[in-house]
Structures are given as C-alpha cells and as structure tokens.
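Fold and geometry: a report
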Amino acid sequence: MGAKGQSMDTKSLLALVVSLHPTVQRRANADRLAIVVPVDDLLEVMKTLRDHQELKFDLFVAHTAIDQIEANRFELVYILSSTMHGNNIYVTAYIGRENPVAPSMVALWPIAEWQEREAYDLLGLLYDNHPDLRRVFLEDDWIGFPLRKDYRDPYMLDLPK
Amino acid sequence: MSVQVRTLDDLLHAPLDADSELTTQEYLVNMGPQHPIAHGSLRVVLRLDGETVKHVIPVPGYVHRGVEKMCEHLTYRQIIPYTDRLDYLSAIMNNWAVAKTVEKAANIPTNERIDTIRTIMSELQRLQSHALWWGVTGMDLGAYTAFLYGFREREIIGEIFEETIGARLTMNYIQPGGLMYDIKPDFAQKVKNLLPYLKGCIEQYETLLSGNVIFQERLRNIGILDGKHAIALGCTGPVLRASGVPYDLRAVEPYGVYDKVNFNVVVGEVGDCWDRYYVRLEEMRESVRIVEQLIDNIPEGPHATIRYNEEIILPEGLHYGQVETARGVFGVFIASDGKNKCPIRLHFRSPNFNNLWIVTAIASGWRIADFISIQSSLDLVIPDIDR
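The structure presented is a predicted model; accordingly, all values stated were derived computationally and were not measured.

**Brief notes about helix H15 (residues 368–378) of chain B**
Residue and element names in this part refer to chain B. Taking burial as the measure, the 11 residues of H15 include 9 buried ones, the bulk of the element. Of the residues making up H15, those classed as buried are Asp370, Phe371, Ile372, Ser373, Ile374, Gln375, Ser376, Ser377 and Leu378. The positive-phi residue at the C-terminal boundary of H15 is aspartate 379, with phi of around 55°.

Written as structure tokens, this is what we have:
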C-alpha cells in the first residue's frame, strides 16, 4: 500500500477498463484518464473499478457535477484514486436536466452518501437508492439549487458586463 | 427506482425507541452550533440513551458562504484568497493546491527556489496547525494549560509568516507561477534559530500531556477506526494514517521538493483517538526534519515566473490537483471551457468535509465524554466543511 507512482499508464488503464466494459469511452480534454460511462452502466463500471484486482480504486476522492445548460444536461464527475496502485481516474456520465436521477454509490463507498447529499443540495441531483437524501448545507425550506446556472434569488446582483 | 428526499425534521421527529431500561430514556440533544469543542459553528444532534450515544447526526452549513458559486465569477488569481478562508490553518497549502492545478493546466513553469520556499512554508504551517491542534485537544479534554502552550508556538511561527507574508492567517501567498513576495534576507537564519526551540517544544508536549494518565485514559481505545473502513469512508490525512494506511500525498505523488527530502510517513497501529493524537505529534517531528534539510540550501532565482497581472486561461476540459494539508487531501477540481478566464465549475474537495462523517460510523456506543475525544481527535476546521 502507498506505492510510489502509478502502476499503469493511461493507455493500458483505459484498455483494461474497455476490455471489461465495452460501453466505456474515453473522455477527451482531461488531465488524467477520463472515461464516459452510459448512466445505466455506471454502477456496474464503478463496482469493477473498485473491486478488480489490477484497478482497486478504493478511495472515493470527490464527486460533483457540471451544469451544462446549453446541452440541457449535467455531467457527473467522480474522481477516484487507488491507495494500492497509485492510479487516478475521472469517471463521467451524462444525465438529463429535466429528470436528473443518478444511481447512488453509497453501497460501494460509504462516503458517497454525503458527497451525493452535497450534490443534491447545491445542484439538485437526485440519487436512486440513497439512504438519506437531504440537504446538507442549506436549510430544508430553501428554494432552488444555487450551483445551477439558471439559479436566481431576489438578492442576487448581476455582474457588470 | 426509489428516490426519496428527506428533511432534517423527519429525522428529528422520528419516533424514539421505548424506554430500554427503567432508568434511562432516549432523547435528542443538540451539541452546538455553539459549543466549545466545535471550534466554530458545527451542530451535532446526538440521540442519547442515558449518557450513551446511539446515533450522531452532524448538521453542517452554519458557515456556508457559497465559495464555489463565487469562484465561477473569479479569475484564477482571485480564487486564491478565497482558499485562505476555507481551512484557515492550512491557508498556504490551500493556495498551493489552486496554484498547482492552474500551473499544470496552463503549463506555467516554476523554479527550484519557488518550490523550496513553498515546501518550507507549508511545513512551517503544518507545524503551526498541529501545535494549535495539540493545545486545543488539551483544552477540550480539560487541560487548559496545554492550550496556552500550543498558542505560544503558534504565535512564534506566526511572526515568521508575518515578516515575509504580512499576514498571520489569510496568507494569499502562493500564486500561480510563483510567490506573492520573496523571502526576507534573514528568513533562513530566523527559521534555523527556531527549529531547535520547536524540537524542545515537542518534547515538552510529551511531558506535559502525553504521559498524563487521565489524558491517556480518555484517548486510548476510544473511537477505533480500522484502515479498510477509513478508506471507504473517504478520510485522509492524519486520521487515515492513524488507522495504519500509509497514504500521504507528499510521499505517494510528490510535489514541490518533497521527493528530494527524507521523511517518514507516520502511521498508527490501532486507529483509536490516541493514535490520531500521536501521529500528529510524530508528524511535527517529521516537519521539523523536512525544514532542516531545506533551509540551508534555498536556491537563488526569481520568486515568480510570470507577471501577476498576466491573464491565465486554462485549456478546455477537466483539471484536478491535490495537496496534503495538515488535515488531509485538499483537492481543486476545475472545469474550464477554454475561452473564459473564469472556471465554469470549480469544486473544492475538502479534507474536513470528508473526515467529519466518520463520527457517524465510530461514535455510536460511546459516552458523551468519549464523543468529545473523538471529535477533538479529528481536528475539524468548520469553514472548510461548509465552504
């Protein structure tokens, strides 16, 4: 554990993941290996990433989402690290803005419970099979989700153009 | 498919169990938002049976300032001061995380001098942060003397920072492509004079608190977290290492000049509060060692490689950089569209937010007094949780 450096380069890491899950594609424009996963396969792919002997992404570093309002979708981003092999990966998936439901990762990494609560609180993402989906920072009667690009509230000021 | 949204009220008004014994009754107690061990505003709702903690519901958000939303309208230089105000005891290291991410994405070079000074400053701040934590833990557990000793060292290191940086808390020091100010000519000598003193202080800490039987009784075998659960619960930093996992970014993916210095990654054996206490004390010794190895040979060179008003535009895509702060992995995730000088989305992966939730897993079954030990051993900084 705590190996110095990475056990695999980006190319072989991608090849291994694609060989296990053919629906996975590479996401361009990222500073480390990034894969795009169809949202229906997300849970399966994440399970493989966590459990496969040569992958072992055991540290759920961060989860957030990007509001791509022009494309009418959210891009979910999961950042995973392996404390065993030293590899890093982004896992991304797209979900529609109208019904933003994503599978919950709580069964795989317990910390996902609170990172997903944060994403629900600030971006309004909903998680399937989440054990305790409630707001984490804002009050329960807060209206709207502040990190969405179209969020407005009466006290907001516009930036001078 | 089952998406169910809940509120805090649902939890608080859930029916309590019937009296488990004739003498005790289940009830809810708010610990905080204003409580001496919160060191800020953190509300924790405890479900108690007598004095035994049955369930912990942390309710953060009292210092939520929407930093991530604000950052969507700021340039990368303007983001740096905001990171000071997250984990204010690791301000320099937080600055470094943003600088590191931006430098890597925009191909901004640094030089040996910049890297060395960054590393020295970070380790000094780690010492300062751990010294304060040591004092505060003493205070939480009833030893007010320790608090004053911890603050004494914090002030002395703070004076060194103040001389170079001009600030004691909100540093705004490490910038993309360099440092805000160069060090003063007598900086190295002052730090060198300080190091033997700090070593003595750490020994003093041992004699003051570590050997105290009450202190040991309140920490040993309390709140045990094993390594496997620690990783699954996403905790990092001294909390993770106390559970026996040698995961330290300074060693695993070295940045700055950490690959040129010798230091040990300190790990615990049991994963109890005592290990979390002792790992930090040992880390202070390692930090002194790192500074000792660097302070004599600070290379010459400019303290910045780009002008401060130079416009930085990151290429389109996802960028992530992380550093090891005094509390764990602090990461900065930036999504850029390649056209704007502001990010379209910025997310701070904060160590305290992720470390906080282990109280829900390890505090059940302990008494209220043990809960104080557990929360104190996590060394939480509340503004970093809430962001």
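Following the structure, the description resumes.
**With respect to the nonpolar core**
Ile35(A), Met46(A), Leu49(A), Val91(A) and Phe348(B) are the most contacted members of the largest nonpolar core, which has 167 residues in total. With 10 residues, helix H12 (residues 273–295) of chain B is the largest single contributor of residues to this core. Ignoring anything within four residues of it in the chain, the contact list for Val91(A) reads Ile35(A), Val37(A), Leu42(A), Met46(A), Leu49(A), Leu76(A), Val77(A), Tyr78(A) and Leu80(A). With 6 residues, the next largest nonpolar core counts Leu8(B), Leu12(B), Val45(B) and Val59(B) among its residues.

**A look at empty space enclosed by the protein**
On inspection of all chains with the given rule, the structure shows 4 cavities of 30 Å³ or more. Looking at the largest cavity, its volume works out to about 50 Å³. Around the largest cavity, the lining residues are Ala62(A), His63(A), Gln115(A), Glu118(A), His347(B), Phe348(B), Arg349(B), Ser350(B), Phe353(B), Asn354(B) and Arg387(B). Looking at the lining of the largest cavity, the elements that each hand over two or more residues are strand S3 (59–68) and helix H3 (112–123) of chain A together with strand S8 (345–349) and helix H13 (351–356) of chain B. The dominant element in the lining of the largest cavity, judged by the number of residues it contributes, is S8(B), at 3 residues. Across the lining of the largest cavity, the residue classes break down as 3 nonpolar, 5 polar and 3 charged.

**Notes on the packing of aromatic side chains**
Scanning the entire structure with this criterion turns up 19 aromatic pairs over all chains. Taken together, a centroid distance of 5.8 Å and an interplanar angle of 45° make the contact between Trp133(B) and Tyr277(B) tilted. Of this pair, Trp133(B) sits in helix H5 (residues 112–140) while Tyr277(B) sits in helix H12; the two residues are 144 residues apart in sequence, bridging distant segments of the chain. The buried category is assigned to Tyr277(B), whose relative accessible area is 1%. An aromatic cluster is built from Trp133(B), Phe215(B), Trp274(B), Tyr277(B) and Tyr278(B), whose rings are joined through pairwise contacts. The lysine or arginine in question, Arg32(A), covers the ring of Tyr90(A), its NZ or CZ lying 5.6 Å from the ring centre. Arg387(B) extends its terminal NZ or CZ atom over the ring of Phe353(B), reaching a point 5.1 Å from the ring centre.

**Re the pairing of strand S7 (residues 328–336) of chain B**
Residue and element names in this part refer to chain B. By the criterion of burial, S7 is predominantly enclosed, with 9 of the 9 residues buried. Hairpin connection from strand S6 (residues 317–325) to S7: 2 residues lie between these consecutive antiparallel strands. As paired strands, S7 and S8 are joined by 5 bridges and run antiparallel to one another. Residue pairing across strands places alanine 335 opposite arginine 345, the latter belonging to S8.

**Quick look at the interface of chain B and chain A**
Contacts between the two partners involve 51 residues from chain B, matched on the other side by 54 residues from chain A. For the chain B and chain A pair, buried surface summed over both sides reaches about 4,500 Å², with 60% attributable to carbon and sulfur atoms. On inspection of chain B and its partner chain A, the count reaches 4 salt bridges. One salt bridge connects Arg387(B) with Glu118(A), and the closest N-O pair in it is separated by 3.1 Å. Here chain B and chain A share 19 residue pairs in polar contact (both at pLDDT 80 or more) between them. Top element by residues in the side of chain B that touches chain A is S6(B). It accounts for 5 residues. A breakdown of the residues in the side of chain B that touches chain A according to their chemical character gives 25 nonpolar, 14 polar and 12 charged.

Definitions and cut-offs
Residues numbered from 1 in each chain as written. Chains lettered and ligands numbered in written order. Predicted model: local features only at pLDDT ≥ 70, side-chain atom pairs only at ≥ 80, totals over all residues. Heavy atoms only, no water. Buried < 20%, exposed > 50% of the residue type's maximum accessible area, 1.4 Å probe, protein only. Helix = DSSP H or I, 4+ residues; strand = E, 2+ residues; numbered from the N terminus. Core = buried A, V, L, I, M, F, W, Y, C linked by side-chain atoms within 4.5 Å. Contact = heavy atoms within 4.5 Å. 1 Å grid on protein atoms, 1.4 Å probe; cavity = no way out; pocket = protein on both sides within 12 Å on 5 of 7 lines; lining within 4 Å. Points joined across faces, edges and corners; volume = space filled by probe spheres on them. Nonpolar A, V, L, I, M, F, W, Y, C, P; charged D, E, K, R; others polar. Phe/Tyr/Trp six-rings, centres within 6.5 Å; stacked < 30°, edge-to-face > 60°. Lys NZ or Arg CZ within 6 Å of the ring centre and 35° of its normal. Pairing = 2+ DSSP bridges. Buried area = accessible area lost by both parts, 1.4 Å probe. Salt bridge = Lys/Arg side-chain N within 4 Å of Asp/Glu carboxyl O. Polar contact = N/O pair within 3.5 Å; in protein donor to acceptor, adjacent residues only side chain to side chain.

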